[in-house]
Amino acid sequence: MTAHPVQNEASARPAAAPGPDISEARRRRHPGRWVAALVVAVLLAQLVNMLVTNENFGWSVVAQWLTAESIMRGLGVTLLLTVIAMVIGIVLGVLLAVCRISGNPLLRSVAGGYIWFFRGTPTLVQLIFFYNLSALLPTISFGIPFGPEFITLNTNSIITPMLAAILGLGLNEGAYMAEIVRGGLLSVDSGQREAGAAIGMTNARIMRRIVLPQAMRFIVPPTGNQVISMVKATALVSVIALSDLLYTAQAIYNRTFETIPMLIVACIWYLIVTSILYVAQSFIERHYNRGSRHQTTGFLDFLKIRPRASLPAVMEGPTG
Amino acid sequence: MTITATRPVLEARNVRKSFGHVEVLKGIDLEVRTGETVVVLGPSGSGKSTFLRCINLLESVDGGRILVDGNDVGYEVVDERLHELHPNEVARRRRDIGMVFQQFNLFPHMTVLENIIEGPVGVRGEKKQVAIERAKRLLEQVGLAHREDSYPRQLSGGQQQRVAIARALAMEPKLMLFDEPTSALDPELVGEVLKTMEELANEGLTMVVVTHEISFAREAADRVVFMDGGVIVEQGTPDQVIDNPQHERTRAFLARFL
């Protein structure tokens, strides 16, 4: 008897639906989060306490050396090496990737072999190998293969630590970039190539006008990651006595025995450089994701603690 | 629709093609004359799309011969023998063959106008202004005037396909190939594309159309070709093939559309 009038009323005015409503629901409590916050707070306090009270950090030494001329020169070498190695890596990577997907089986397997070798051996070993190239090839000559030689050079005099570092890091990077570029090229639908071919474009033109511009969206963001990795990978060259940032810091603490402060100086500079690159990368990613619905996280997002939106925005209809 | 000229634009002789061990084309013979509209019908897997793609060499051909406007697309005759051409020369010969794809395949990073003039300007070396003028006329013809600055993703499927038709027409092809041009479209968008194609057929464009649209075949085709199992089963006017099929396989296929 009583159910009927209520039902009629409800169908006439759906806004006044009887009974509990989701919008008034009690939110779930999260006691675990408070416990976690407490644990983190205690650990953080301990960390700060150690940083301040432990004199072995030698903060005054850090401040003294942070902008010292020798450190700045080391930083310059690190940055220069990063740029040169990445340029070599990108150019080589594009060439290798194009070879990898070309119709020529010989080019395909040569590129495959190159990538296999340089990705399969440690970068550190490659660096030392190039540095000691003279032990394998005492002289390097240019001329007709198996015929007369026009120029003969002493390997020891041309393979400086800088050249060994550029070769080691650049050739190694080329192998990784090749895989990134290849992935980008393969991500472009084959219909695009066919459409280009159907209006009479040559393969080179299809690559330049149709495939590469579309592949850039998939190539640029991971390339940014590679640049950031390269900044840190350059620290490996300290083993071949090239005065990069790390080697300079080592040279100083070998003299002054202030090992920890000098390593902190190096870390601070690595962090500054990579942070700038992270910011740049997030801008680049946002640029290439225009139009797509995928949201990239910004650089400082890890610092933000904010409640997740409890209701999706879709529910805010024009009537609500 | 009377066929005035009689010169064949397309001559396919005993065309054979296999994917691995599967023979998908078992000797196709087809002639298409200037101004003719030929609709190819047939069940999925009958080889009709593959045959179409063989015509402009998007698929390689294993045997037989295909001549477009009297030339082999991928070969040249030297001393009574065919010699494979350099890919760039194949690309040059493809300019005369327009193609419209099932998935439109517009270039997503270019505007509608850039899509259309890419061929004329970039491939044929036409003056940009001339190409733009023709592109605008073509857009008007396919019912998309003033959409030249849109990007493909801002258009509906039917609009994208009409841009793709304009892009193919911009090269002033001697032969147009349509590979299931309405199969990827929502039902309500099929009509606008078919209408554009019918207008082109009536204007005397030489067309080979692979489709499942029986009504289009009836309205626009000069000749209907029915393919099944890699061979042409029968061909004739729409009245003959669609309304009075002689072959059992044709009857079975058409029965599904009634």
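Rules used in this analysis
Position numbers for residues start from 1 in each chain and track the written sequence from start to end. As a convention, the first chain written is A and the first ligand written is 1, with the rest following in written order. Two thresholds apply to this predicted model, a pLDDT of at least 70 for residue-level local features and 80 or more for giving and counting side-chain atom pairs, whereas whole-chain, interface and lining totals are computed over all residues. Excluded from the side-chain calculations are hydrogens and water; all other atoms, namely the structure's heavy atoms, are used. UniProt positions are given in the numbering used here, feature names are shortened, and annotations may be inferred rather than shown by experiment. When two rings of Phe, Tyr or Trp (its six-membered ring) have centres within 6.5 Å they constitute a pair, described as stacked for plane angles under 30 degrees, edge-to-face for angles over 60, and tilted for the intermediate range. Consider the ring centre and the ring normal. A charge sits over the ring if Lys NZ or Arg CZ is within 6 Å of that centre and within 35 degrees of that normal. Secondary structure counts use DSSP, requiring at least four H or I residues in a row for a helix and at least two E residues in a row for a strand, with both numbered from the N terminus. A pair of strands is labelled paired if DSSP reports no fewer than 2 bridges between them.

The name an unreviewed UniProt entry assigns to chain B is ABC-type polar-amino-acid transporter, from the organism Intrasporangium chromatireducens Q5-1. Taken verbatim from the UniProt record of chain B, the Subcellular location (unreviewed entry) comment is "Cell membrane". Per UniProt, chain B has the following entry under Catalytic activity (unreviewed entry): "a polar amino acid(out) + ATP + H2O = a polar amino acid(in) + ADP + phosphate + H(+)".

Looking at an unreviewed UniProt entry, one finds chain A named Amino acid ABC transporter permease and attributed to Intrasporangium chromatireducens Q5-1. The UniProt entry for chain A carries the following comment under Subcellular location (unreviewed entry): "Cell membrane". Database annotation for chain A, UniProt heading Sequence similarities (unreviewed entry): "Belongs to the binding-protein-dependent transport system permease family."

A few words on the packing of aromatic side chains. Considering all chains together, one arrives at five aromatic pairs over all chains under this definition. Aromatic ring contacts, followed pair by pair, group Tyr114(A), Phe117(A) and Phe118(A) into a single cluster. Above the ring of Phe107(B), the side-chain terminus of Arg167(B) is found at 4.5 Å from the ring centroid.

Turning to the UniProt feature "transmembrane region" (unreviewed entry) in chain A, a few remarks are in order. In this structure's numbering, the residues bearing the UniProt feature "transmembrane region" (unreviewed entry) are residues 34-52, 72-99, 151-172, 233-253 and 259-280 of chain A. The distance separating the terminal C-alpha atoms of residues 151-172 of chain A is 27 Å; by composition the span is 73% helix and 18% strand.

This part takes up the UniProt feature "domain: ABC transporter" (unreviewed entry) in chain B. Per the UniProt record, "domain: ABC transporter" (unreviewed entry) is annotated on residues 10-254 of chain B. For the annotated span residues 10-254 of chain B, helix accounts for 37% and strand for 28% of the residues, and the straight-line distance between the end C-alpha atoms is 27 Å.

Residue and element names in this part refer to chain B. Read across the open sheet, the four strands follow the order S2-S1-S4-S5; overall the sheet is antiparallel. Strands with a single pairing partner mark the edges of an open sheet, and in this sheet they are strand S2 (22-33) and strand S5 (71-72). Across two bridges, strand S4 (residues 63-68) lies against S5 in antiparallel orientation. By the bridge assignment for S5, Val68 is matched with Asn71.

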